[in-house]
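One letter stands for each residue in the lines below.
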Amino acid sequence: MVEEIGRTADGNIIINVGPQHPATHGVLHLVITINGETIIKVEPHLGYIHRSIEKMCESLTYRQFIYVTSRMDYLSSHINNHACALCVENGLQVEVPARAQVIRVLMDELTRIASHELWWGAMAMDLGAFTPFFHAFRERETINDIMEETCGARLTMNYMVPGGVMQDIHPNFQQRVKDFIKLYKSKISEYDELVTGNIIFQNRMKGVGYLSPEDAVSFGVSGPPARGSGVSCDTRKTYPYEIYNQLQFEEILETEGDSFARYMVRIREMNQSIKIIEQLIDNIPEGDFQAKTKAVLKLPKGEFLQKVETARGQFGVYIVSEGGTTPYRIKFRSPGFSNLSALDHMARGSKLGDLVAMMGTLDLVIPDIDR
Amino acid sequence: MDKNLNSKNSSSSPSSGGGLVQYIKDVFNGVKSLLVGLRRTMYYFTHHKEIITEQYPDNRATLVFPERFKGEVVMTHDENNEHACTGCTACELACPNATIKIITKFDVSPEGKKKKAIDKFVYHLELCTMCNLCIVACPTDAIKMAQTFEHSVYNRADLTKILNKPGSKIREGVE
C-alpha cells in the first residue's frame, strides 16, 4: 500500500484518479505514481461499491439468486443470468426446451451488441469526442426497447430462469429485431466514418497499451482484450454452451495487442453477433419456453461450474451445494477483475494521457470488478 | 524532427517510416479522415428528422409503456371490490428481499365456519427490485405488475403500501 498523496522517496509524484472521475466509468480509484508525465506504477484500489454479492447469494434460493447477478455486470445482465441458470440446470439435470435455448442465445447476442455500442460511445467520449456517444445510444435504445417489450425491463431484466425463460417472447419481437438489424446495417458505416478512420483517434490508439499474448494469459485476461493480443479464448468456441456449437460465426482475433486492436475486435464482434441473430431470428422453434421444474429447487450435493462469454470476457459461476435449497458457497469469476489487473503492466512507461485510452479499451464495469 | 512528425501523422502505423512524399500523403489522408467525420456531423446538423430525443416531462400524456413493463406490484380488483388473493404466501416466499408481508385473519362464514383470508397485503416498494418472481409464483394471478414509474416521494413510509383495497374480499370460487 502506497501513500495516496505526495511524493515517493525517489521524488516521483503520486496522484489519484478517481474514485469520482468521469473517465473511470464508476467508482474506480487508481493511485498513480508518475515521473513527469511518464507512468511508473498504477495501483487500483477497490471496494467502493462492494456489496458482498457472493455472500448474499448464499442466503437466497436457486431461483432468487439469479436476479442479483444482473447487478454485477449490468451491461451484460442477460448473459450473467444465463450463466447462473445454466449452472443450476447442470445440477438439476434439466433439459431446456429448444425454443428457450434459441431465445436465450438471441437475448445474449442482443445484449452483447448493446454493451459494445455503449462501450464504443463511452470510448470515444473518453478521448474527447462527444458526438459518437449519441450515435451509439440511438442504436442501443432500439435494443433496450426490444428488451423492455419482451422482458419488462431495460437493464436488469431477470429473464433467464432455471429451466428456460420467464415469459414467452412478445409477438412483435421478431419484427422488431429484424428492424433493428436493418437499422444497424445502415448505421454501422457511420461508426467507421466518425471514429475508426479518424486520424486523431488512430494516433491515440495505435501502439498504445501493448499487451503481449503471454502477458494476457498470465494475467488471466479474457474477452476482447485477450483476443486483441491474438489469444483465442472465446468461450462460445472453446467450451460451447447452449446451441453455440451449431451456429456459424467467427472468433475475432487481432494480433497487434495495442488499444486499436482491442477496439477493432469489439467492432468486428458486433457484426458477428448480428450474423448469429440473423441465423436464429427466423428459426425460433415452436414449443415450451420453460421446462417443468419443481416448485422448490434442490441441487444435489456437489460442485457445479459454468463458464460463459459475456461482452467483457469469460464469466464463471461456481456453486458448491450441500443438497439444500440454498447454495453452500457461490463464487463468481468476473472478467473485469482480471482485465483490470493487466492495466498496471500495460500502462508502465507510457504517458498519463494514454491511460484513459487503455482503460477505455479494457471496457471496465466497476460493479463487475467489485462484486 | 521529421521522423517525429511522421510518426505522429502516419495513418497506417505510428512506427512506419517513409520519406517526404509519405509524410505529405499522411497529412492529406489525416485531413481527409477528419473531413469525412465532419461530413457526417453536418448531415445530422441539417437533417432534423433523424432526431430521436424525447422531451420526457413534457410528453407524459403520450408516453406508452409496454404491457410487460415492471413498475410496481399491484393487486387486481374487479368492479365488486373483490380480489383473487387467498393469502397462500407463495409470493412472500418467492421474494428475495422480503418485500411482501401478508397478514391473515380468519373470516367466519354465516354457517359458523372459519376461513383464512388476507387482512393486509403489505408491499414495500422501497425494497422491491422488480424481479417478477412473485407474479410468477402466484397461483391465482391475484397480483400483477403495473406500468407506473414515478415513485419518488418525500416520506419513505409512503412507499409501504397495502395492496388490498379497504373493504375488499376474496372473489367467490377462488381457492
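The structure under discussion appears in the preceding block.
Residues numbered from 1 in each chain as written. Chains lettered and ligands numbered in written order. Predicted model: local features only at pLDDT ≥ 70, side-chain atom pairs only at ≥ 80, totals over all residues.

A. Broad picture of the overall build of chain B. In terms of helices and strands, chain B carries four helices and seven strands. For chain B, the succession of helices and strands along the chain, N to C, is α-α-β-β-α-β-β-α-β-β-β. Within chain B, the fraction of its 175 residues that count as buried is 18%. Taking all contacts inside chain B whose residues are at least 6 apart in sequence as the whole, residues at least 24 apart take part in 68%. (Helix = DSSP H or I, 4+ residues; strand = E, 2+ residues; numbered from the N terminus. Buried ≥ 20, exposed ≤ 12 C-beta atoms within 10 Å, placed from the backbone. Contact = placed C-beta atoms within 7 Å.)

B. The arrangement of the overall build of chain A in detail. Looking only at helices and strands, chain A features 15 helices and nine strands. Its C-alpha atoms give chain A a radius of gyration of 21 Å, near enough to 21 Å, the size a compact globule of 371 residues would have. Based on the C-alpha atoms only, the size of chain A along its principal axes is roughly 65 × 50 × 35 Å. Classification of the 371 residues of chain A by burial places 47% in the buried group. Sequence-distant contacts, at least 24 apart, represent 70% of the contacts inside chain A between residues at least 6 apart. (Rg over C-alpha atoms; globule rule 2.2 N^0.38 Å.)

C. Here's a closer look at the nonpolar core. Counting residues in hydrophobic clusters, the biggest one holds 114 residues, and the most contacted among them are Leu343 and Met358 of chain A together with Cys134 of chain B. Ranked by residue count, the leading element in this core is helix H4 (residues 98-126) of chain A, at 14 residues. Contact partners of Met358 of chain A, with chain neighbours within four places excluded, come to Val208, Gly209, Ser259, Leu343, Met346 and Ala347 of chain A. (Core = buried A, V, L, I, M, F, W, Y, C linked by C-beta atoms within 7 Å.)

D. Spatial organisation of unusual backbone geometry. The phi torsion at Ser52 of chain A lies on the positive side, around 55 degrees, for a residue other than glycine. Here Ser52 of chain A shows up in the loop between strand S4 (38-45) and helix H1 (53-57). Its identity as a non-glycine residue notwithstanding, Met130 of chain B has a phi of 55 degrees, on the positive side. If you trace the backbone, Met130 of chain B turns up in the loop between strand S4 (114-124) and helix H4 (133-137). With 20 C-beta atoms packed within 10 Å, Met130 of chain B lands in the buried category.

E. Spotlight on the interface of chain A and chain B. With 23 residues of chain A at the contact, the number on the chain B side is 25 residues. Elements that contribute at least two residues to the side of chain A that touches chain B include exactly helix H5 (131-151), helix H6 (173-196) and helix H7 (199-205) of chain A. It is H5 of chain A that provides the largest number of residues to the side of chain A that touches chain B, a total of four residues. Classifying every residue of the side of chain A that touches chain B by side-chain character gives six nonpolar, 10 polar and seven charged. (Nonpolar A, V, L, I, M, F, W, Y, C, P; charged D, E, K, R; others polar.)

F. Layout of the sheet that holds strand S6 (residues 160-162) of chain B. Residues and elements named next belong to chain B. Strands sit in the order S3-S4-S6 across an open sheet of three strands; the sheet is antiparallel. The sheet is open, and its two edges are formed by strand S3 (100-108) and S6, each paired on a single side. When the angles between neighbouring strand axes are averaged without regard to direction, this sheet yields 25 degrees. Across three bridges, the pairing between S4 and S6 is antiparallel. Paired with Tyr123 across the bridge in S6 is Lys161. (Pairing = 2+ DSSP bridges. Axes fitted to C-alpha atoms, helices over the stretch in contact; angles between N-to-C directions.)

G. Representation of the packing of H4 of chain A against helix H11 (residues 259-281) of chain A. All names here are of chain A. At a closest axis distance of 9 Å, the pairing of H4 and H11 adopts a crossing angle of 155 degrees. When the axis of H4 is compared with that of H11, the two are roughly antiparallel. In the crossing of H4 with H11, the sense of the turn from one axis to the other is left-handed. Residue-level inspection shows Val102, Val105, Leu106, Glu109, Leu110, Arg112, Ile113, His116, Trp119 and Met123 of H4 in contact with H11, the latter providing Tyr263, Arg266, Glu269, Met270, Ser273, Ile276, Ile277, Leu280 and Ile281. Within the contact of H4 with H11, the residues separate by chemical class into 13 nonpolar, two polar and four charged. (Parallel < 35°, antiparallel > 145°, perpendicular 65-115°, else oblique. Left-handed = near helix turned anticlockwise from the far one by under 90°.)

H. Up close: the sheet that holds strand S7 (residues 302-309) of chain A. All names here are of chain A. Strand order in this open sheet of three strands is S7-S8-S9, and the pairing throughout is antiparallel. Single-partner strands in this sheet number two, and they are S7 and strand S9 (329-333). The sheet shows a mean angle of 10 degrees between the axes of neighbouring strands, taken without regard to direction. Sheet topology note: the strand S8 (residues 314-321)/S9 ladder contains five bridges and is antiparallel. The residue bridging Gly316 from the neighbouring strand is Arg333, located in S9.

I. Seen up close, helix H14 (residues 352-362) of chain A. Burial in H14 of chain A covers these residues: Leu355, Ala357, Met358, Met359, Gly360, Thr361 and Leu362 of chain A. At the C-terminal side of H14 of chain A, Asp363 of chain A shows a positive phi close to 55 degrees.

J. Looking closely at the pairing of S3 of chain B. Residue and element names in this part refer to chain B. Both S3 and S4 contribute to a ladder of nine bridges, which runs antiparallel. Of the residues in S4, the one forming a bridge with Lys105 is Ala117. The turn linking S3 back onto S4 is made up of five residues, and Gly112 within it adopts a positive phi angle of 90 degrees.

Treat this as a map of the structure, not an account of what it does.
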